[in-house]
Amino acid sequence: MTETTTLTGATLPDGRVRNVVLRHGTVSHISPVGIPDPRQAAIDLTGYLLLPAPAEPHLHLDRALSWEPVGSDAGGRDGAVRSWRAAPTRYDVGDLRRRARAALQVLSANGVTSVRTHVDFGVGAPLRVIEILRELREDLQRVLDLQIVAVASPGLSDRAALEAFAAGAALLGGRPHSSPDPRGETRRLLRLADRAEVDLDLHLDDQPDHRVLAVADLARLLRASGFGRQVTASHCASLGTLRPPALAKVVEAIAASRLAVVGLPSAPLTDARTGRGAHGLAPCGGPTPLRALLEAGVPLTAGGDHLRDALHTMGRGDPLEVASLLVTAGQLSVDQAYAAVSTDARRIMGLPDAGPEPGAVADLLAVRASSLAEAVLAAPSDRIVLRRGRVVSRTAMGKAAGHTRATIGRQRTRVPAGAR
Ligand SMILES: [Zn+2]
């Protein structure tokens, strides 16, 4: 990278057209459109909207892109889980490495510069999976940040769980509802995170079941224990089954607990597609009430969850698709929806602010659109992605119908239109 790069003629989120000057990986200043200094590098962004780069706060890279080889059992969500568990290539090292790399390339081409992936670890899922993802993180560090959450199986010994951090995990995850004692399991995971000095990101209430409200228990526990590290609750689908007075009480408790929430707007739709939830229930209630959480001041982000695997065969790995779902299913405004998949995601993930603002990290997405509403609605393929001021991906509609050409890092790849 030259010392200074000028992005010329970019449309900013507020509609102004400006030059944006980057220096040493951060945004130095914003100036009126003019001819840049010819001694400095310049990228013409005429016709592009310049946004903070998206971040993906919740993905399952170990399962990504496995739908076609694995297939999906017709028995609803439980059947999809069975299909995945029975897959002979489930933890084939070469296959996992290829799929995870390809998934990260799709995300990068779509503008993502930071990813948090959950990885099952423990019963039936070897430590090697975390090591492979750590290797990939090192390999792709120029292109994106990768945070690995080790999802400890219930019953895994504390000693075995702690090995995940030596292998490359940065956070502890878990599914307390899979334990015969969900409350005890939540307490155990808090204790373990404290001991390992890592943050916690839990799958909670991933089915819209009014009988299970683990997020409310966790909020109470956090307030009572004074746990000092960041705790994130992913899913929280049961909140969508509550009527307003009960919902207001739980949302208030969540806001008071400093718990951050990751909404996964495609998950309840996926359960509707597969017919029945994990507890044998037909989908009930509305989507997770993200707007109520946001209005109460709960730190909120949203992610894709699955990328074309047995549980969700249709994910595109595109935060603009997630933002569109947040508007449609979550009743967020377009601005709130894009913040949830970019700036707010970064904050919850512990990353410095990025975007076309002086002093911010130059992780940026330029997308061919004239407004944020158009970008979220149309999810245009033409995108240029910058990480720390360097172009890491350019995608332009190619001449071959149905394909786009994406250059990610030094690698050129043809991405099927369906992956965008
Ligand atoms: Zn998940």
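Counting from 1, residues in each chain are numbered in the order their sequence is written. Local features in a predicted model are, by the rule used here, given only for residues with pLDDT of at least 70; side-chain atom pairs are given and counted only at 80 or more, and totals for whole chains, interfaces and linings are based on all residues.

## Some words on the overall build of the protein chain
Put simply, the rule is: Numbering of helices and strands runs from the N terminus; a helix is a DSSP stretch of H or I covering at least four residues, while a strand is a stretch of E covering at least two. Once C-beta atoms have been placed from the backbone, residue pairs whose C-beta atoms lie within 7 Å are recorded as contacts.
A count of helices and strands for the protein chain gives 14 helices and 18 strands. Across the protein chain, every contact between residues at least 6 apart in sequence was considered, and the portion connecting residues at least 24 apart equals 71%.

## Some thoughts on unusual backbone geometry
Keep this limit in mind: With C-beta atoms placed from the backbone, the exposure class of a residue follows from how many other C-beta atoms lie within 10 Å of its own: 20 or more, buried; 12 or fewer, exposed; in between, partly exposed.
A positive phi angle is found at Leu65, which is not glycine, with a value near 60°. Among the secondary structure elements, Leu65 is positioned in the loop between strand 6 (55-59) and helix 1 (67-70). On the basis of neighbour count, Leu65 is assigned to the buried category, with 22 C-beta atoms found within 10 Å. For Gln331, which is not glycine, the phi torsion reads 55° and is therefore positive. On the basis of neighbour counts, which here come to 16 C-beta atoms within 10 Å, the residue Gln331 falls in the partly exposed class.

## Brief notes about helix 6 (residues 182-196)
Note the threshold: Under the convention used throughout, the expected extent of a helix is 1.5 Å for every residue step, that is, one less than its residue count.
Helix length check: helix 6 (15 residues) gives 21 Å between terminal C-alpha atoms against 21 Å at 1.5 Å per residue, within 8%. If you check which residues of helix 6 are buried, you get Glu185, Thr186, Arg188, Leu189, Leu190, Ala193 and Ala196. On its buried side, helix 6 packs onto helix 5 (158-167), strand 9 (171-174), strand 10 (199-204) and helix 7 (214-225). Glu197 sits one or two positions beyond helix 6 and adopts a positive phi of about 55°.

## Remarks on the nonpolar core
Filter applied, for reference: The term nonpolar core refers to a group of buried residues, namely Ala, Val, Leu, Ile, Met, Phe, Trp, Tyr and Cys, whose C-beta atoms join them within 7 Å. What fixes the domain bounds is an automatic or database domain assignment.
The biggest cluster of nonpolar side chains holds 115 residues, and the ones touching the most others in it are Leu50, Val119, Leu133, Ala150, Val215 and Val261. Sort the elements by how many residues they give to this core and helix 3 (residues 93-109) lands first, with 7 residues. Built from parts of two domains, this core gets at least three residues from each of domain 1 (4-52 + 354-419) and domain 2 (55-348). Contacts of Val215, omitting those with residues within four sequence positions, involve Leu204, Asp205, Ala233, Cys236, Leu239 and Ile254.

## Things to note about the sheet that holds strand 12 (residues 260-263)
Just so we agree on the cut-off: Note on pairing: two strands pair once DSSP finds at least 2 bridges between them. Note on geometry: axes are C-alpha line fits, over the in-contact stretch for helices, and angles between N-to-C directions span 0 to 180 degrees.
Read across the open sheet, the 8 strands follow the order 6-7-8-9-10-11-12-13; overall the sheet is parallel. Since the sheet does not close on itself, it has two edges, and those belong to strand 6 and strand 13 (300-302), each with one partner. Ignoring which end each strand starts from, the neighbouring axes of this sheet average 25° apart. The pairing of strand 7 (residues 114-121) with strand 8 (residues 145-152) spans 8 bridges and is parallel. When the bridges of strand 8 are listed, His118 appears paired with Val149. Seen against the sheet, helix 4 (residues 127-139) touches strand 7 and strand 8 and runs at an angle of roughly 170° to strand 8.

## A closer look at helix 7
The end-to-end C-alpha distance of helix 7, which contains 12 residues, comes to 16 Å, matching closely the 16 Å that a straight helix rising 1.5 Å per residue would cover. Those residues of helix 7 not exposed but buried are Ala214, Val215, Ala216, Leu218, Ala219 and Leu222. Buried positions along helix 7 lie against helix 6, strand 10, strand 11 (231-235) and helix 8 (244-257). Where helix 7 terminates, the next one or two residues include Gly226, which has phi positive at roughly 65°.

## Quick word on the confidence of the model for the protein chain
Test applied: Residue-level confidence of the predictor is what pLDDT reports, using numbers from 0 through 100.
Scored by pLDDT, the protein chain has a mean of 86; 83% of the residues are at 70 or more. Note on residues 272-283: pLDDT under 50 across the span, and 25 contacts to partners over four residues away in sequence or across chains.

## What about the environment of Arg142?
Locating Arg142 in the fold gives a position in the loop between helix 4 and strand 8. Its 11 C-beta neighbours within 10 Å are what place Arg142 among the exposed residues. Between the alpha carbons of Arg142 and Arg388 there is a distance of 8.8 Å; along the sequence they are 246 residues apart.

## Re the environment of Ala340
Within the secondary structure, Ala340 sits in helix 12 (residues 334-340). For the pair Ala340 and Ala302, spaced 38 residues apart in the sequence, the C-alpha separation amounts to 5.8 Å. Ignoring any residue separated from it by four or fewer positions in sequence, one finds Ala340 in contact with Leu300, Thr301, Ala302, Leu326, Leu332 and Ala345.

## Here's the deal with the packing of helix 3 against helix 4
Put simply, the rule reads: Geometric relationships in this document are graded by angle, where less than 35 degrees denotes roughly parallel, more than 145 denotes roughly antiparallel, 65 to 115 denotes roughly perpendicular, and other angles denote oblique. By convention, the crossing between two helices is left-handed when the near helix turns anticlockwise from the far helix through less than a right angle, and right-handed when the turn is clockwise.
The contact between helix 3 and helix 4 brings their axes to 10 Å, and the two run at 45°. By the angle class used here, helix 3 and helix 4 are oblique. Here the hand of the crossing between helix 3 and helix 4 comes out right-handed. Mapping the contact onto sequence places Val93, Leu96, Arg97, Ala100, Arg101 and Leu104 in helix 3 and Arg128, Val129, Ile132, Leu133 and Leu136 in helix 4.

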